[in-house]
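Okay, here's what each chain looks like letter by letter:
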Amino acid sequence: MPEPTEVTMSATLAADEALARRRLAGEQVLSMASGEIGLPVLPALRAKLAAAAGLNTYGPVAGSAALRTAAADYWRRRGLSADPGLVVCGPGSKPLLFALLLAVGGDVALPMPSWVSYAAQAGLLGVRPIPVETLPGQGGVPDPDRLREAVTAARAAGRDPRSVVVTLPDNPTGTIARPGTVRRLCEAARELDLVVISDEIYCDLVFDDAQPAVSPAVFAPERTVVTTGLTKNLAVGGWRTGVARLPDSDIGRALHTRLVGVASQIWSSPAAPVQEAAAWAFTEPPEVVEHIRASRRLHEAVARAMAARFAAVGALLTPIRATCYLYPDFEPLREHLEAAHRITSGAELAQHLVEAYGLGLLPASAFGEPGRSLRLRVATSRLYGDTDEQRTAALAATDPVALPWIRASLDRVEEVLADLVASRAPRPEAALHA
Ligand SMILES: Cc1ncc(COP(=O)(O)O)c(C=O)c1O
């Protein structure tokens, strides 16, 4: 019998569960491994969900007309025309991305580094991803020249790349590829006849309103699928809701048929009460806009304060422009880390930080980078408080970094990093193996 496909647990969710076990066992942990947004649900949104609890029928596979129309209008306000008939809603953008990879078929080119699930999802489909490096400071979008080379080489080797995934803004780097790079990526995708799958789940979390992320759908409207959801901007990951906008073209219509077919076989329809609430949120009433604005400011303040702690000990950081992530590189500290702690890889560094200090972070290898890389992905979105009261106060604060509970987390990280880089003689062999 053939071996079943290898199935791995999502690195972020696995790290989160491991940290929760440590906390339950009474250890002090600081959870910066997953990008779950630790903020309360906007009360008006919560009321919409509660009021819709009686909705118990499946409804259309692609999602309710109200949600598809609201999502289309949401995209139109961001300069992307959208036909509700080409919008597909699902239980999160993650299953939509998986269904899209399945619907497009063939191999997929991915930015390196990129979000933990793209390569893992490709693996579930029996596809080997084609990793393509990104340009410095412009995570989430493969270098267009390298994409050309990689796809051409893959085809020459008999492989069948049919899509490229981009993340705008980017997880894990917190950066945004420049519009010129996105345009060149689109030109390459057109030349190579690739579908562009643009994951824009962080598009509302760009710090500077004047410099939004520009979607590839602007430059390659005929071949770009855009996905997003409410997990990041409104912190409702557990509600499981996401939307995909398919291109108004032959490519888009063929994909729509296949995507809806996949959806019908896997999740049947998105959760009806959640759709009601999501439809309201996507219309962006003033309280939603204000809530997202406040959360964006909070992410920016805390992520920047955290970045300063890492920079202070000599880690390299690219300026972050969005999300709640930073991606410090400990390469300048390689010699010290090896001499003092016998750390030679990102995984060892992350393991040391969790075991010695209860600090949960993810190594770059989880994002497809070589094991030797000493980069870590730091998510600051769980540091806003332990109670809804604290989190609400964090959202309202003009200087959230001064709040005692946020300050305490920042101080703890500062203390850990100081200890990590403190010059000390290598520990004796006996102590290491004790
Ligand atoms: C880049 C990226 N895409 C998609 C998702 C998943 O979002 P959803 O909750 O909509 O499935 C995440 C969540 O961390 C993410 O970081």
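Residues numbered from 1 in each chain as written. Predicted model: local features only at pLDDT ≥ 70, side-chain atom pairs only at ≥ 80, totals over all residues. Heavy atoms only, no water.

Per an unreviewed UniProt entry, the protein chain goes by Pyridoxal phosphate-dependent aminotransferase and derives from Streptomyces mauvecolor. Heading Cofactor (unreviewed entry) of the UniProt record for the protein chain holds this comment: "pyridoxal 5'-phosphate". (UniProt positions renumbered as here; feature names shortened; annotations may be inferred.)

## Points about unusual backbone geometry
For residues besides glycine, phi is generally negative; the peptide bonds are generally trans as well. In this chain, Met112 is followed by Pro113 through a cis amide linkage whose omega measures 5°. For Pro113, the position within the fold is in the loop between strand S3 (107-112) and helix H5 (116-124). Cis peptide bonds are those with omega within 30 degrees of zero, and the linkage from Asn171 to Pro172 qualifies with 25°. Mapped onto the elements of the fold, Pro172 is located in the loop between strand S6 (161-167) and helix H7 (179-192). Non-glycine residue Thr323 carries a positive phi angle of around 70°. The exposure class assigned to Thr323 is buried, which follows from its relative accessible area of 0%. One non-glycine residue, Arg342, lies in positive phi territory at about 60°. (Helix = DSSP H or I, 4+ residues; strand = E, 2+ residues; numbered from the N terminus. Buried < 20%, exposed > 50% of the residue type's maximum accessible area, 1.4 Å probe, protein only.)

## Here we look at the pairing of strand S5 (residues 138-142)
When you tally the buried positions in S5, you get five out of five residues, the bulk of the element. With two bridges connecting them, strand S4 (residues 130-135) and S5 associate as antiparallel partners. Pairing of Thr134 across the sheet is with Pro142, part of S5. Linking two consecutive strands that pair antiparallel, namely S4 and S5, is a turn of two residues; a positive phi of about 75° is found at Gly137 within it. (Pairing = 2+ DSSP bridges.)

## Digging into the sheet that holds strand S13 (residues 376-379)
With antiparallel pairing, three strands are arranged side by side in an open sheet as S10-S13-S12. At either end of the open sheet lies a strand with only one pairing partner, and these are strand S10 (325-326) and strand S12 (362-363). Each of S12 and S13 touches helix H13 (residues 346-357); the most contacted strand, S13, lies at about 40° to it. (Contact = heavy atoms within 4.5 Å. Axes fitted to C-alpha atoms, helices over the stretch in contact; angles between N-to-C directions.)

## With respect to the environment of Thr398
Take Thr398: it is sitting in the loop between helix H14 (388-396) and helix H15 (404-421). For Thr398, a relative accessible area of 83% translates into the label exposed. Residues Thr398 and Ala272, spaced 126 residues apart in sequence, show a C-alpha to C-alpha distance of 37 Å.

## A few points about the side chain of His341
Looking at the element boundaries, His341 is found in helix H12 (residues 334-341). Judged by its relative accessible area of 8%, His341 is buried. A polar contact of 2.9 Å, which involves the side chain of His341, links it to the backbone oxygen of Leu420. (Polar contact = N/O pair within 3.5 Å; in protein donor to acceptor, adjacent residues only side chain to side chain.)

## Things to note about the nonpolar core
Among the nonpolar cores identified, the biggest contains 49 residues, and Met306, Phe310, Phe330 and Leu353 are the most heavily contacted of them. Residue assignment places this core across two domains, with domain 1 (11-40 + 287-422) and domain 2 (55-284) each supplying three or more. Once residues within four sequence positions are removed from consideration, Leu353 is found in contact with Gly358, Leu359, Leu361, Leu376, Val416 and Leu420. (Core = buried A, V, L, I, M, F, W, Y, C linked by side-chain atoms within 4.5 Å. Domains from an automatic or database assignment.)

## A look at the environment of Arg146
Position of Arg146 relative to the elements: it lies in helix H6 (residues 144-156). Note on Arg146: relative accessible area 39%, which makes it partly exposed. Considering only alpha carbons, one finds Arg146 and Tyr325, 179 residues apart in sequence, at a separation of 25 Å. Beyond its immediate chain neighbours, meaning those up to four positions away, Arg146 contacts Val132 and Glu133.

## A short note on the site of the ligand
Inspection of the region around the ligand gives 13 residues, with Ser93, Asn171, Asp199, Tyr202 and Thr231 positioned closest. Note that an oxygen atom of the ligand is positioned 2.9 Å from one of the backbone N or O atoms of Lys94. Across the complex, the protein chains shield 92% of the 400 Å² of accessible surface that the ligand would expose by itself. Residue composition of the shell around the ligand, by class: four nonpolar, five polar and four charged. (Near = heavy atom within 4 Å. Areas by Shrake-Rupley, 256 points an atom, 1.4 Å probe, with all protein chains shown as cover. Nonpolar A, V, L, I, M, F, W, Y, C, P; charged D, E, K, R; others polar.)

## Observations regarding H7
The end-to-end C-alpha separation of H7 is 20 Å, in line with the 20 Å expected for 14 residues at 1.5 Å each. Looking at the buried side of H7, the elements it contacts are S4, S5, H6, S6, strand S7 (195-199) and helix H8 (216-219). Trailing H7 by a residue or two, Asp193 shows a phi angle of about 55°, which is positive. (Expected span 1.5 Å × (residues − 1).)

## Section: the packing of aromatic side chains
The full count for this structure, using the stated rule, is six aromatic pairs. Both rings, one in Tyr74 and one in Phe282, keep their centres 5.0 Å apart while their planes meet at 80°; by these two values the pair is edge-to-face. Separated by 208 residues along the polypeptide, Tyr74 in helix H3 (residues 65-77) and Phe282 in helix H10 (residues 272-282) bring together distant segments of the chain. The two residues Tyr74 and Phe282 agree in class, both being buried. Note on Phe310 and Phe330: the rings are 6.1 Å apart at their centroids and 85° apart in plane angle, and the pair reads as edge-to-face. Taken together, the residues Phe310 in helix H11 (residues 286-312) and Phe330 in the loop between S10 and H12 connect sequence positions 20 residues apart. For the pair Phe310 and Phe330, a shared accessibility class is recorded, and that class is buried. (Phe/Tyr/Trp six-rings, centres within 6.5 Å; stacked < 30°, edge-to-face > 60°.)

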